[in-house]
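# Chains, contacts and geometry: an overview
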Amino acid sequence: VLGGRGVELLTGGGVLLISLISLFVPVSANRTQERMLAASVWPSLLFGTSSASQEGVPQVSFDLVNRGTGPARVRWAELRYDGVPVRDSDALLARCCGRLPESSGPQYSLITSGIQRRVLGADEWVALLRAPRPDPPTPAWEALDRERHKIRLRACYCSVLDDCWLFDSESDDPEPVRHCPRPPAVLWGG
């Protein structure tokens, strides 16, 4: 049987255990709340290319979309063709297609968008480049259509909570980083 001292030790141990549990519960709840907040503002960028518009009209397109639940603050973006960074659509077309298409004729139009230091809302879609097929198709357009899978996008973006990721269209998942690294020398300007 326990004496007076034993009862005091047992009671003190029980109080200490209850105090520790009382501390653990709010800390655990706080961590859960932080994860829920991060998930509610999580951005997720996707890059894609296609050879037709949504209506089925032939065009080469490159798109960036934020499929996350929160805005993506794009710090920098780099477009590469066959491993070489390109500054804009002229540089891309010159590099991939051998020569630029005739831009003065009414049959050819090119639409581009820049994304440097831009905020993309959840489900926002940005047309980085649209090149409708000219009539008749030019060798430059056909080359762009053929070579479009050699185009890669790299970007660094952050959530509103300053959680940041390095995105590479050749990787399955973006890489979490503490801060965006220094931007590359050649950035996509549209």
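Whatever comes next refers back to the structure up there.
Residues numbered from 1 in each chain as written. Predicted model: local features only at pLDDT ≥ 70, side-chain atom pairs only at ≥ 80, totals over all residues. Heavy atoms only, no water.

## Some points on the environment of R130
- Structurally, R130 can be placed in strand 7 (residues 125-132).
- Sequence separation between R130 and T112 is 18 residues, and the spatial gap between their C-alpha atoms is 6.4 Å.
- Ignoring any residue separated from it by four or fewer positions in sequence, one finds R130 in contact with Q59, V60, S61, F62, D63, S109, L110, I111 and W125.
- A polar atom in the side chain of R130 sits 2.5 Å from the side chain of D63. (Helix = DSSP H or I, 4+ residues; strand = E, 2+ residues; numbered from the N terminus. Contact = heavy atoms within 4.5 Å. Polar contact = N/O pair within 3.5 Å; in protein donor to acceptor, adjacent residues only side chain to side chain.)

## Remarks on the sheet that holds strand 2 (residues 58-66)
- Strands sit in the order 1-2-7-5 across an open sheet of 4 strands; the sheet is antiparallel. Because the sheet does not close on itself, it has two edges, and the strands there are strand 1 (45-52) and strand 5 (111-112).
- Bridging between strand 5 and strand 7 involves 2 bridges; their strand directions are antiparallel. Counted as the bridge partner of I111 is R130 from strand 7.
- Together, strand 1, strand 2 and strand 7 form the strand contacts of helix 3 (residues 139-147), whose direction differs from that of strand 2 by roughly 40°. (Pairing = 2+ DSSP bridges. Axes fitted to C-alpha atoms, helices over the stretch in contact; angles between N-to-C directions.)

Everything listed here is a matter of geometry and, on its own, says nothing about what the molecule does.
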